[in-house]
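# Overview (structure and organization)
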Amino acid sequence: MTTTEQDLDILAEARRQVLDEGVGLTEEQVLRVLRLPDEALPELLQLAHEVREKWCGPEVEVEGIVSLKTGGCPEDCHFCSQSGLFPSPVRAAWLNIPELVEAAKQTAATGATEFCIVAAVRGPDARLMKQMREGVKAIQDAVDIQVAASLGMLTQEQVDDLADMGVHRYNHNLETARSHFPNVVTTHTWEERWDTLTMVREAGMEVCCGGIVGMGETLEQRAEFATQLAALTPDEVPLNFLNPRPGTPFGDMEPLGSKEALRTIAAFRLALPRTILRYAGGREITLGDLGTEQGLMGGINAVIVGNYLTTLGRSPEEDLALLTKLEMPIKELSKTL
């Protein structure tokens, strides 16, 4: 497939609308970008990089994550080996407070400005909220790093408690387009996730919300997802690529191709010109080293360093060396949040 005048038209349109005016692409426009041929990819990535530079600046935000509770989750998210409903290898385990503080210290030592505490639960119970309060205080007393959390669906009281603890950002992914969600999760709804995110926003915490690409969705649904995220106006969008986990319903799916992944990164940047767009899980198998670099020069402006929740990532040293090579400064810790 070669680049046509119609392809050039959408790139010119995106340049005027997104780069010049800072207005994200519509669902129809995102779909046209996702359908661009491989020959148009270099120009598309260059445009996405220019958009990121203009509307977000040159800095890259670095984050580490740790699981407070791993495995044994009652939900049936078809991509996740932490579900207690599938014969996958991750079993329930808890992390104690000293281990949590040590993980935060190690994360800060990499230059990361944020540390995210994650638990594989439908939503937190009283025990988990108590452990969160103790853990957040212990981290804040020991380490100069911002604390984020991802604990599933919340009640209003839990949202208020987390804000009171000093959690500055809450992650709860929509995972995929609303129309595709029932094919991915059946034990709760897309709307339940949306409600939690709305409460988080209204409580004054930053909203971190993204999902996973490559779970059998169509290009139309991928475009739908990008614009649904834009409607939420999240502060950060973690972009994961499916890394099929043995024992899960999606364990036999083929990983996304690198060029399709790069097109997706650029399309999401053009839909979300002012948002932190973070590399998350799956980039190692989908993009490899070269693709990871291309994505950083194609709209990405944040990185999770080290391992993810159930899969191995690149070493922090590799990512930090790549940022140095690309002359991308690491964002300093903000004292105003």
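The text that follows walks through the structure, step by step, so that each part is easy to find. Since the structure is predicted, the reported quantities are computational estimates derived from the model, not experimental observations. (Residues numbered from 1 in each chain as written. Predicted model: local features only at pLDDT ≥ 70, side-chain atom pairs only at ≥ 80, totals over all residues. Heavy atoms only, no water.)

Looking only at helices and strands, one finds 12 helices and 10 strands in the chain. Expressed as a percentage of contacts within the chain between residues at least 6 apart in sequence, the contacts between residues at least 24 apart total 77%. As displayed, the chain has an accessible area near 13,700 Å², and 52% of this comes from carbon and sulfur atoms. (Helix = DSSP H or I, 4+ residues; strand = E, 2+ residues; numbered from the N terminus. Contact = heavy atoms within 4.5 Å. Areas by Shrake-Rupley, 256 points an atom, 1.4 Å probe, with all protein chains shown as cover.)

In this model helix 9 (residues 258–271) runs 20 Å from its N-terminal to its C-terminal C-alpha over 14 residues, within 8% of the 20 Å that 1.5 Å per residue would give. Burial runs high along helix 9: 11 of the 14 residues are buried. Among the residues making up helix 9, those that are buried are Ala 261, Leu 262, Arg 263, Thr 264, Ile 265, Ala 266, Ala 267, Phe 268, Arg 269, Leu 270 and Ala 271. (Expected span 1.5 Å × (residues − 1). Buried < 20%, exposed > 50% of the residue type's maximum accessible area, 1.4 Å probe, protein only.)

A rise of 1.5 Å per residue sets the reference length of helix 3 (residues 41–56), with its 16 residues, at 22 Å; its end C-alpha atoms lie 22 Å apart and thus fit the reference within 8%. Buried within helix 3 are the following residues: Leu 41, Leu 44, Leu 45, Leu 47, Ala 48, His 49, Val 51 and Arg 52. Just beyond helix 3, the residue with positive phi is Gly 57, at close to 90°.

What follows deals with the nonpolar core. Judged by nonpolar contacts, the single largest core of 95 residues is most densely connected at Phe 115, Met 132, Ile 139, Leu 162, Ile 265, Leu 270 and Leu 296. Top element by residues in this core is helix 9. It accounts for eight residues. By size, the runner-up hydrophobic cluster in this structure holds six residues, among which are Ile 65, Val 118, Ala 280 and Ile 304. (Core = buried A, V, L, I, M, F, W, Y, C linked by side-chain atoms within 4.5 Å.)

Its identity as a non-glycine residue notwithstanding, Glu 175 has a phi of 75°, on the positive side. For Glu 175, the position within the fold is in the loop between strand 5 (169–171) and helix 7 (190–202).

A separate point is the packing of helix 2 (residues 27–34) against helix 8 (residues 219–232). Viewed as axis vectors pointing N to C, helix 2 and helix 8 meet at an angle of 130°, and their least axial separation amounts to 8 Å. In terms of axis orientation, helix 2 runs oblique to helix 8. Here helix 2 runs over helix 8; the crossing is right-handed. In this structure, helix 2 uses Glu 27, Val 30, Leu 31 and Leu 34 to contact helix 8, whose residues at the interface are Leu 219, Glu 220, Arg 222, Ala 223, Glu 224, Ala 226 and Thr 227. Residues belonging to the contact of helix 2 with helix 8 are distributed by class as follows: six nonpolar, one polar and four charged. (Axes fitted to C-alpha atoms, helices over the stretch in contact; angles between N-to-C directions. Parallel < 35°, antiparallel > 145°, perpendicular 65-115°, else oblique. Left-handed = near helix turned anticlockwise from the far one by under 90°. Nonpolar A, V, L, I, M, F, W, Y, C, P; charged D, E, K, R; others polar.)

The next thing to look at is the side chain of Thr 227. Looking at the element boundaries, Thr 227 is found in helix 8. For Thr 227, a relative accessible area of 16% gives the class buried. Beyond its immediate chain neighbours, meaning those up to four positions away, Thr 227 contacts Leu 25, Thr 26, Glu 27 and Val 30.

Attention shifts here to the side chain of Ser 150. By the secondary structure assignment, Ser 150 is in strand 4 (residues 146–150). A distance of 2.9 Å separates the side chain of Ser 150 from the side chain of Asn 171, its partner in a polar contact. Discounting chain neighbours no more than four positions away, the residues touching Ser 150 are Cys 116, Ile 117, Val 118, Ala 119, Tyr 170 and Asn 171. (Polar contact = N/O pair within 3.5 Å; in protein donor to acceptor, adjacent residues only side chain to side chain.)

With that settled, consider the pairing of strand 4. For strand 4, the tally of buried residues reaches five of five residues, placing the bulk of the element in the interior. Neither face of strand 4 is exposed, since Gln 146, Ala 148 and Ser 150 on one face and Val 147 and Ala 149 on the opposite face are all buried. Where strand 3 (residues 114–119) meets strand 4, five bridges bridge the pair, whose relative direction is parallel. Within the sheet, the bridge partner assigned to Cys 116 lies in strand 4 and is Ala 148. Between strand 3 and its parallel partner strand 4, the chain crosses via helix 5 (residues 126–142), and the hand of that crossover is right-handed. Sheet topology note: the strand 4/strand 5 ladder contains two bridges and is parallel. (Pairing = 2+ DSSP bridges. Right-handed = clockwise from strand over helix to strand, strands pointing away.)

All right, on to the pattern of salt bridges then. Per the stated rule, a full pass over the model turns up 21 salt bridges. Residue Arg 278 pairs with Glu 61 through a salt bridge whose shortest N-O separation is 2.3 Å. Taken together, the residues span a long stretch of sequence, with Arg 278 in strand 9 (residues 276–279) and Glu 61 in strand 1 (residues 61–70) at a distance of 217 residues. For Arg 278, a relative accessible area of 0% translates into the label buried. Arg 178 is the partner of Glu 191 in a salt bridge, and the nearest nitrogen-oxygen pair spans 2.7 Å. Taken as a pair, Glu 191 in helix 7 and Arg 178 in the loop between strand 5 and helix 7 lie far apart in primary sequence, 13 residues in all. Overall, the relative accessible area of 44% leaves Arg 178 in the partly exposed class. Here the salt bridges share partners, and the residues they tie into one network are Glu 61, Glu 114, Arg 169, Glu 206, Glu 236 and Arg 278. (Salt bridge = Lys/Arg side-chain N within 4 Å of Asp/Glu carboxyl O.)

One pass over the structure, following the stated rule, counts zero disulfides. Among the cysteines around Cys 77, which has no disulfide bond, Cys 80 carries the closest sulfur, lying 6.2 Å off. Its relative accessible area of 21% is what places Cys 80 among the partly exposed residues. (Disulfide = S-S within 2.5 Å.)

The next subject is the pairing of strand 8 (residues 236–241). The buried fraction of strand 8 is high, at six of six residues. Sheet analysis places strand 7 (residues 211–213) next to strand 8, joined by three bridges and oriented parallel. Bridge pairing in strand 8 links Val 213 to Phe 241. In this view, the connection linking strand 7 to its parallel neighbour strand 8 by way of helix 8 has right-handed handedness. Summarising the sheet, strand 8 and strand 9 pair through four bridges and their orientation is parallel. Across the sheet, the residue bridging to Leu 239 is Tyr 279, located in strand 9.

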